Amino acid sequence: MASLMEELMDTLTKEEKLYSELIPIEEEKTRAIVSNDLEKMQSITDREHEMVDKTTALDAKREEVAMNIATVLGKNPKTITLEEIEDSLKKQPEDRKKLQQIHDKLRKTVARLKDINDQNKELLQESMDMVEFNMNVMRSAQMTAGSSNYGSDASEVNGMAPQHPRFDATQ
């Protein structure tokens, strides 16, 4: 059981480190969104994908270790939480405290990353809304330019005199 706990703590520590490394990348992404630097965004997205692959592997390892711990503890491997694992360490206060610290640090790092991602999502949505607005303005300007083809005295349309130059109310 002790080796499983060490493996869990090691995996959580690696996950936290990886998420911490992702924070400056996401902050750089914020600046790229604000400056509308599409090349920088592509570069950042490529780095994000590499990081996501690494975190996915660590997540899988953490889940596997947690399932093994659940089996040893006689708990349901599909529903066990880190809090339950922490509770199982009541007789080992040093290990429990260490696991809680790692877990808290990971939770704070993930929360910070989530905040940055939410901000980036909002900035991207605003940027997309602005692009859509600009496209609508351009379409509207094109339509207006194409339909306002009357001369200054409203007697000509594209250089052609109207067929009925005057309205006769007696008709």
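J.: Tell me about the overall build of the chain, residues and numbers included.
T.: Within the chain one finds four helices and zero strands. Secondary structure elements of the chain, listed N to C terminal, follow the sequence α-α-α-α. In the chain, once contacts between residues fewer than 6 apart in sequence are set aside, the share between residues at least 24 apart is 64%. Of the accessible surface of the chain, which amounts to about 12,500 Å², a share of 53% is contributed by carbon and sulfur atoms.

J.: Residue-level account of the layout of surface pockets, with values.
T.: Taken as a whole, the largest pocket holds about 150 Å³ of empty space. Taken together, Arg 62, Glu 63, Ala 66, Met 67, Pro 77, Lys 78, Ile 80, Thr 81 and Leu 82 form the lining of the largest pocket. Here the lining of the largest pocket takes four residues from helix H2 (residues 38-73), the largest share from any one element. Of the residues belonging to the lining of the largest pocket, the class tally is five nonpolar, one polar and three charged.

J.: Could you give an account of the side chain of Glu 16, with specific residues and numbers?
T.: Its place among the elements puts Glu 16 in helix H1 (residues 2-35). No salt bridge is formed by the buried Glu 16; its nearest oppositely charged neighbour, Lys 105, is found at 4.0 Å. Each residue touching Glu 16, except ones within four places of it in the same chain, is listed here: Lys 105, Leu 106 and Thr 109.

J.: Please set out the pattern of salt bridges residue by residue, giving values where relevant.
T.: Taken as a whole and assessed by the stated rule, the structure comprises 13 salt bridges. Between Glu 21 and Lys 17 there is a salt bridge, with the nearest N and O atoms lying 3.3 Å from each other. Highlighted residues: Glu 21 and Lys 17, both in helix H1, separated by four residues, approximately one helical turn. Taking the relative accessible area as the measure of exposure, Glu 21 reaches 37% and is therefore partly exposed. Of the residues examined, Lys 17 reaches a relative accessible area of 52% and is grouped as exposed.

J.: Would you mind going over the packing of H1 against H2 in detail, with residue names and values included?
T.: The contact between H1 and H2 brings their axes to 9 Å, and the two run at 160°. It follows from the interaxial angle that H1 and H2 lie roughly antiparallel. For H1 against H2, the interelement crossing comes out left-handed. When its residues are assigned to classes, the contact of H1 with H2 shows 17 nonpolar, three polar and 14 charged.

J.: Explain H1 to me, using residue names and the numbers behind them.
T.: Between its first and last C-alpha, H1 extends 50 Å over 34 residues, near the 50 Å set by a 1.5 Å rise per residue. Backbone geometry just after H1 places Asn 36 at a positive phi near 60°.

J.: Run through a nonpolar patch on the surface, naming residues and quoting values.
T.: Nonpolar side chains collect at one region of the surface, where Met 130, Phe 133 and Val 137 lie side by side and expose about 300 Å² of accessible area between them. Here Val 137 is to be found in helix H4 (residues 93-147). The partly exposed category is assigned to Val 137, whose relative accessible area is 41%.

J.: Could you give me a rundown of unusual backbone geometry, with the residues and numbers involved?
T.: With glycine set apart, most residues show a phi of negative sign, and most peptide bonds adopt trans. Although it is not a glycine, Asn 36 sits at a positive phi angle of roughly 60°. Relative to the elements of secondary structure, Asn 36 occurs in the loop between H1 and H2.

J.: Provide a residue-level description of the nonpolar core, including the pertinent values.
T.: Grouped burial of nonpolar side chains is what soluble globular proteins tend to show. The biggest cluster of nonpolar side chains holds 29 residues, and the ones touching the most others in it are Met 5, Leu 8, Leu 12, Ile 69, Ile 85 and Leu 99. The set of elements that each furnish at least two residues to this core consists of H1, H2, helix H3 (82-87) and H4. Residues contacting Ile 69, with those up to four places away along its chain left out, are Met 1, Leu 4, Met 5, Leu 8 and Ile 85.

The rules behind each value
- Residues numbered from 1 in each chain as written.
- Predicted model: local features only at pLDDT ≥ 70, side-chain atom pairs only at ≥ 80, totals over all residues.
- Heavy atoms only, no water.
- Helix = DSSP H or I, 4+ residues; strand = E, 2+ residues; numbered from the N terminus.
- Contact = heavy atoms within 4.5 Å.
- Areas by Shrake-Rupley, 256 points an atom, 1.4 Å probe, with all protein chains shown as cover.
- 1 Å grid on protein atoms, 1.4 Å probe; cavity = no way out; pocket = protein on both sides within 12 Å on 5 of 7 lines; lining within 4 Å.
- Points joined across faces, edges and corners; volume = space filled by probe spheres on them.
- Nonpolar A, V, L, I, M, F, W, Y, C, P; charged D, E, K, R; others polar.
- Buried < 20%, exposed > 50% of the residue type's maximum accessible area, 1.4 Å probe, protein only.
- Lys, Arg positive; Asp, Glu negative; His and termini not counted.
- Salt bridge = Lys/Arg side-chain N within 4 Å of Asp/Glu carboxyl O.
- Axes fitted to C-alpha atoms, helices over the stretch in contact; angles between N-to-C directions.
- Parallel < 35°, antiparallel > 145°, perpendicular 65-115°, else oblique.
- Left-handed = near helix turned anticlockwise from the far one by under 90°.
- Expected span 1.5 Å × (residues − 1).
- Patch = residues over 30% accessible without salt bridge, like charges linked within 9 Å, V, L, I, M, F, W, Y side chains within 5 Å.
- Core = buried A, V, L, I, M, F, W, Y, C linked by side-chain atoms within 4.5 Å.

Worth remembering: the numbers are spatial, not functional.
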